[in-house]
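The chain contents come next:
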Amino acid sequence: MRLWAAVLLIALAGVSASAAPLPDRADFTVKGAATQGGVLLGTAPAGTVALTLDGKLVPVDGDGRFLIAFDRDAGPTGQLTARLADGRTLDHPIAIAPRAWRIERINAPMRPTKSSEAFLALRKPELEQIAAARAVVTDATGWRQRLVWPRVGRISGLFGSQRIYQGTAGAYHGGVDVAGATGAPVVAPADGMVILAADKPFTLEGNLLMIDHGHGLNSAFLHLSRIDVKLGDHVSQGQRIGAIGATGRATGPHLHWGMKWNDARIDPLLLAGPMPSGQ
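Counting of residues starts from 1 at the beginning of each chain's written sequence and follows it residue by residue. Predicted model: local features are reported for residues with pLDDT of at least 70 only, side-chain atom pairs are reported and counted for 80 or more only, and whole-chain, interface and lining totals are derived from all residues. As a convention, hydrogens and water are excluded, and side-chain values are obtained from all of the structure's heavy atoms.

Before going further, it helps to spend a moment on the overall build of the chain. When helices and strands are tallied, the chain shows three helices and 21 strands. Counting only residues that meet the buried cut, the chain has 47% of its 279 residues in that class. Sequence separation of 24 or more characterises 67% of the internal contacts of the chain that already satisfy a separation of 6 or more. Surface accessibility of the chain: about 13,700 Å² in total, with carbon and sulfur atoms responsible for 54%. Only DSSP runs of H or I with at least four residues qualify as helices, and only runs of E with at least two residues qualify as strands; both kinds are numbered from the N terminus onward. Only protein chains enter the area calculation, which uses a 1.4 Å probe; residues under 20% of their type maximum are buried, those over 50% are exposed, and those in between are partly exposed. For this analysis, residues touch if any pair of their heavy atoms sits within 4.5 Å. Note on areas: these come from Shrake-Rupley sampling with a 1.4 Å probe, and a residue is covered only by the protein chains present in the view.

The following block contains the structure:
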């Protein structure tokens, strides 16, 4: 229990917002983590015909429910704007709390990334597949659920962590890593539709599976040893979708679970909550 408590404290360091409802303004109702890498669920004012976050359209269900999220490097503020059927507009400013990320400073130069023509020739179509998958719009409703962990185990990598090499920042960790043995089952964290199921390992991600949960929210599962679903499949929360592996660029078997809302990279831990104890 002490270990999981420590992991959670590190992951939530610097988060001033809680899961309690935020103060309502102009008939908006929002709750969740108004923080970098966080997600808010809300209800738009009655009569809303269009909703935007910082000028970008946000889908709204028939009951007024919506979801928004904030990138790991989001700025300090955001603004929801609802346009009503009678022509009025209602604004709801949001203060986005900063996070204290785990930063490791390395007294060595950063290793050069692969940029050979052969590597780029392989990588370009992979990135195009990922971008095309994320552009798919589905009717999935998993975004309305409380997410579950796709694999219960030791958290071996935190979202947002980053290394600084002699003053040069490396790419931050875009998901949560869960240690596990090759072949250990991975389940769907929420209902959704399969938008990418790699038919062969990608150069970095290995066997890559992506699931859309609706309203711009999607999950990516990297380094799998196998994929048990296919493109276009509808999956249910808790359904087996694959197995842990070490394919692609991985130093050992583990599950990398990444999440995005549109272009924003978000922290899966803030949606699934603390890792269940006793494992």
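Next comes the rest of the description.
So, about the confidence of the model for the chain. In this model, the chain carries an average pLDDT of 89, and 89% of its residues clear a pLDDT of 70 or more. On a range of 0 to 100, pLDDT expresses the predictor's confidence in each residue. Note on residues 1-25: pLDDT under 50 across the span, and 52 contacts to partners over four residues away in sequence or across chains.

Attention shifts here to the nonpolar core. Among buried residues, the Ala, Val, Leu, Ile, Met, Phe, Trp, Tyr and Cys ones that are joined through side-chain atoms within 4.5 Å form a nonpolar core. With 53 residues, the main nonpolar core has Phe66, Ile68, Leu80, Trp149, Phe221 and Ile241 as its most contacted residues. Sequence-distant contacts of leucine 80, that is, excluding residues within four places in its chain, are made with Phe28, Val30, Leu51, Thr52, Leu53, Phe66, Ile68, Leu90, Asp91, His92 and Ile94. Ile130, Ile195, Ala220 and Leu222 belong to the second largest nonpolar core, which has eleven residues in total.

Counted as salt bridges are all cases of a side-chain nitrogen of Lys or Arg within 4 Å of a carboxyl oxygen of Asp or Glu. Tallying each qualifying case throughout the model produces twelve salt bridges. Salt-bridge contacts for arginine 163 lead to glutamate 104; the nearest nitrogen and oxygen are separated by 3.2 Å. Residue arginine 163 is located in strand β10 (residues 162-165), and its partner glutamate 104 is located in strand β8 (residues 103-106); the two are separated by 59 residues in the primary sequence. Put simply, arginine 226 and aspartate 228 hold a salt bridge, and the shortest N to O gap is 2.5 Å. Looking at arginine 226, the relative accessible area reads 46%, which means it is partly exposed. Residue class for aspartate 228 comes out partly exposed when judged on its relative accessible area of 28%. Put simply, Asp61, Asp63 and Arg144 are held in one network by salt bridges that share partners.

Another aspect to go through is the packing of aromatic side chains. Here is the rule: rings of Phe, Tyr and Trp (six-membered ring for Trp) pair when centre to centre is within 6.5 Å. Planes less than 30 degrees apart are stacked, more than 60 are edge-to-face, and the remainder are tilted. Per the counting criterion, the structure on display carries three aromatic pairs. Between phenylalanine 159 and tyrosine 172, the aromatic rings sit 6.2 Å apart at their centres with planes inclined by 75°, giving edge-to-face as the arrangement. Of the two residues, phenylalanine 159 is situated in the loop between β9 (155-157) and β10 and tyrosine 172 in the loop between β11 (168-169) and β12 (175-179); the sequence distance between them amounts to 13 residues. For tyrosine 172, a relative accessible area of 23% gives the class partly exposed. Members of the aromatic cluster, each reached through a chain of ring pairs, are Trp101, Phe159 and Tyr172. In this analysis the charged atom, NZ for Lys or CZ for Arg, is taken to sit over a ring once it is within 6 Å of the ring centre and within 35 degrees of the ring normal. Across from the ring centre of tyrosine 172, 4.4 Å away, lies the NZ or CZ of arginine 72, which sits over that ring.

The next subject is the sheet that holds strand β13 (residues 185-187). Strand pairing follows a simple DSSP-based rule, namely that at least 2 bridges must link the two strands. The strand order β13-β19-β17 describes an open sheet built from three strands, whose pairing is antiparallel. Two strands close off the open sheet at either side, each with one partner strand: β13 and β17 (226-227). Inspection of the sheet shows β13 paired to strand β19 (residues 240-243) by three bridges, in the antiparallel sense. Of the residues in β19, the one forming a bridge with valine 187 is arginine 240.

Here alanine 95 lies in strand β7 (residues 89-95). Under the relative-accessibility criterion, alanine 95 is labelled exposed at 61%. When the C-alpha atoms of alanine 95 and threonine 35 are compared, they prove to be 8.0 Å apart, with 60 residues separating the residues in sequence. If we skip the residues at most four places from it in the chain, alanine 95 touches Ala34 and Pro76.

What follows is about the sheet that holds strand β2 (residues 39-43). Read from one edge of the open sheet, three strands run β1-β2-β5, paired in antiparallel fashion. Among the strands making up the open sheet, the edge pair consists of β1 (29-32) and β5 (65-69). Across the sheet, the mean angle separating the axes of adjacent strands is 25° when strand polarity is ignored. Summarising the sheet, β1 and β2 pair through four bridges and their orientation is antiparallel. Lines are fitted to the C-alpha atoms to define the axes, a helix being fitted only along its stretch in contact, and any angle between axes, read from their N-to-C directions, falls within 0 to 180 degrees.

Turning our attention to the environment of glycine 258. Position of glycine 258 relative to the elements: it lies in strand β20 (residues 254-261). Measuring from C-alpha to C-alpha, the distance between glycine 258 and leucine 222 comes to 8.1 Å, with 36 residues separating the pair along the chain. Ignoring sequence-local partners within four residues, the contact set of glycine 258 consists of Gly174, Gly175, Asn218, Ser219 and Ala220.

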